[in-house]
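A structural walkthrough
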Amino acid sequence: MKKSKVVLVQCTSYDRTAVEAAVAKGMNLLGGMSKFVKPGERILLKPNVLAGDPPEQCVSTHPGVFRAVGSLVKDIAGEVSFGDSPGYGDPVQHLKSCGLLDAGKDLGLKVADFHKGKETAFKHSPFTKRFLIANGVLEADGIISVCKFKTHMLTRMTGAVKNQFGCIPGKVKKGFHIKLPSAYDFSRMLVALTLCLKPRLYVMDGIMAMEGNGPRGGKAVPMNVLLFSDDPVALDATCFRLVDLDPKNVPTSEIGREWGLGTYLEEEIELVGDRLEALVNRNFKVSRKPFRDILPTGTISLIKNLIIPRPVIDKEKCILCGACVRACPVDPKALDWKRENTAKPPEYTYRRCIRCYCCQEICPEGAIFVKDSAFTPVGWS
Ligand code: SF4
Ligand code: SF4
């Protein structure tokens, strides 16, 4: 049986020479960039840009890793573009603030159109059959996903499989939280989207990773590693093992294997490069409990409301920016300014809240936490 290959390369800093050497080593061990890119092709580099925070906050793919991968791609491809659709706002502005715009321009890469997209049918998709896909993605012959090693409150971790969600432009992404409030269904959609878009190669920036209250409000911690694979499920599973998290406790793993996107089973993965055991961080802050679904769509909302961990604002940390209110996808909003008073933190109306955690995801201050309610069964979160 052919195994999925995942390459691990230790890299302890974002020093330009060190990152370029580590990326070159990783790609050589995976068979070289020419295995994934042919001369003359139009290749899209898809970093993770949740928001334009500075690189040291670890919210986005680091520009150094992006530049090193982009340089290898540019040596072969005819045209290389890059982009992502962040959680809110203008994609190019976010690229600029997190340093990726300058990195791409240094290499002479083209900024891809992630403002708008086209409704695209994928009749062989095992789940969602139609996605609005950004024009910049549709115009490329192939995608290289340059993802980030981070925690995530809805899907537990974000990595190679989840990175393709940013190929859906703008506010359309919010709609998926309304349609798919179950974390399992949301994960099914993520796996289906990755099956539809079929990136050729995944490179994960785990030199610094985000633990705790990710994907934006957590803490940056060194994991000192870059991962490379053409199997996103195997790459993610290896990332999870690096933090002593059983891949079975992240829903995209089993769904991804069941639908043929890849494998999370150790016996089906060939690890190459530096030893995994030497890079493991068992103190990385992430929930390692069995994953509990946020109850299937249609479950009586009263039960949901009582059981499922809820987002809570730490009023001391809140800077009253309103990003969480703008991110809330339900109508009327489940999080809003009370009597339009923006001088105090917004307040939740939990009976309307679908527990998508978009508010927690987008808060720039890490002021929103997900907490058990008094009725959350032990072991749920
Ligand atoms: S996003 Fe965070 S900082 Fe901004 S208003 Fe909401 S809780 Fe406060
Ligand atoms: S309040 Fe937060 S978790 Fe609840 S629906 Fe709105 S964005 Fe989602």
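Conventions used here
- Residues numbered from 1 in each chain as written.
- Chains lettered and ligands numbered in written order.
- Predicted model: local features only at pLDDT ≥ 70, side-chain atom pairs only at ≥ 80, totals over all residues.
- Heavy atoms only, no water.
- Near = heavy atom within 4 Å.
- Nonpolar A, V, L, I, M, F, W, Y, C, P; charged D, E, K, R; others polar.
- Domains from an automatic or database assignment.
- Contact = heavy atoms within 4.5 Å.
- Buried area = accessible area lost by both parts, 1.4 Å probe.
- Salt bridge = Lys/Arg side-chain N within 4 Å of Asp/Glu carboxyl O.
- Polar contact = N/O pair within 3.5 Å; in protein donor to acceptor, adjacent residues only side chain to side chain.
- Helix = DSSP H or I, 4+ residues; strand = E, 2+ residues; numbered from the N terminus.
- Buried < 20%, exposed > 50% of the residue type's maximum accessible area, 1.4 Å probe, protein only.
- Patch = residues over 30% accessible without salt bridge, like charges linked within 9 Å, V, L, I, M, F, W, Y side chains within 5 Å.
- Areas by Shrake-Rupley, 256 points an atom, 1.4 Å probe, with all protein chains shown as cover.

Overview of the site of ligand 1
Around ligand 1, the neighbouring residues are Ile313, Cys318, Ile319, Leu320, Cys321, Gly322, Ala323, Cys324, Pro346, Cys363, Pro364 and Ile368. Here the shell around ligand 1 is built from residues that sort into eleven nonpolar, one polar and no charged.

With respect to the site of ligand 2
Around ligand 2 there are 13 residues in total, and Cys328, Cys353, Cys356, Tyr357 and Cys359 lie nearest to it. Of the residues that constitute the shell around ligand 2, the class distribution is twelve nonpolar, no polar and one charged.

Section: the domain arrangement of the protein chain
For the protein chain, the domain assignment lists domain 1 (4-279) and domain 2 (301-371). Computed from C-alpha atoms alone, the centre-to-centre distance between domain 1 and domain 2 is 27 Å. At the interface, 15 residues of domain 1 touch 20 residues of domain 2. Carbon and sulfur atoms make up 60% of the surface buried where domain 1 meets domain 2, a total of about 1400 Å² over both sides. Sorting the residues of domain 1 by area buried against domain 2 places Lys174, Asn213 and Arg216 first, and these three jointly supply 34% of that buried surface. Taken together, the connections running from domain 1 to domain 2 amount to zero salt bridges. If you look at where domain 1 meets domain 2, you find six residue pairs in polar contact (both at pLDDT 80 or more). No other element matches helix H6 (residues 172-179), which puts three residues into the side of domain 1 that touches domain 2. Taken together, the residues that form the side of domain 1 that touches domain 2 break down as seven nonpolar, six polar and two charged.

A look at the side chain of Thr194
Note that Thr194 resides in helix H7 (residues 183-197). Taking the relative accessible area as the measure of exposure, Thr194 reaches 0% and is therefore buried. For Thr194, the side chain forms a polar contact with the side chain of Gln164, separated by 3.0 Å. Ignoring any residue separated from it by four or fewer positions in sequence, one finds Thr194 in contact with Val161, Gln164, Pro199, Tyr202, Pro232 and Leu261.

Describing the side chain of His152
Residue placement: His152 occurs in strand E7 (residues 142-152). Leaving out residues up to four positions away in the same chain, His152 has contacts with Met157, Thr158, Lys162, Gly214, Pro215 and Glu361.

Observations concerning helix H9 (residues 251-258)
Given 3.6 residues per turn, any residue in an α-helix points the same way as the ones three and four places further on. Regarding H9, the residues found buried are Pro251, Thr252, Ser253, Ile255 and Gly256. Taken from the residues just after H9, Gly260 is the one with a positive phi, measuring 80°.

Quick look at a nonpolar patch on the surface
On the surface, Leu302, Leu306 and Phe375 cluster together to form a nonpolar patch covering roughly 320 Å² of accessible area. Examined against the element boundaries, Phe375 turns out to sit in the segment after strand E15 (368-371). The exposure class assigned to Phe375 is exposed, which follows from its relative accessible area of 55%.

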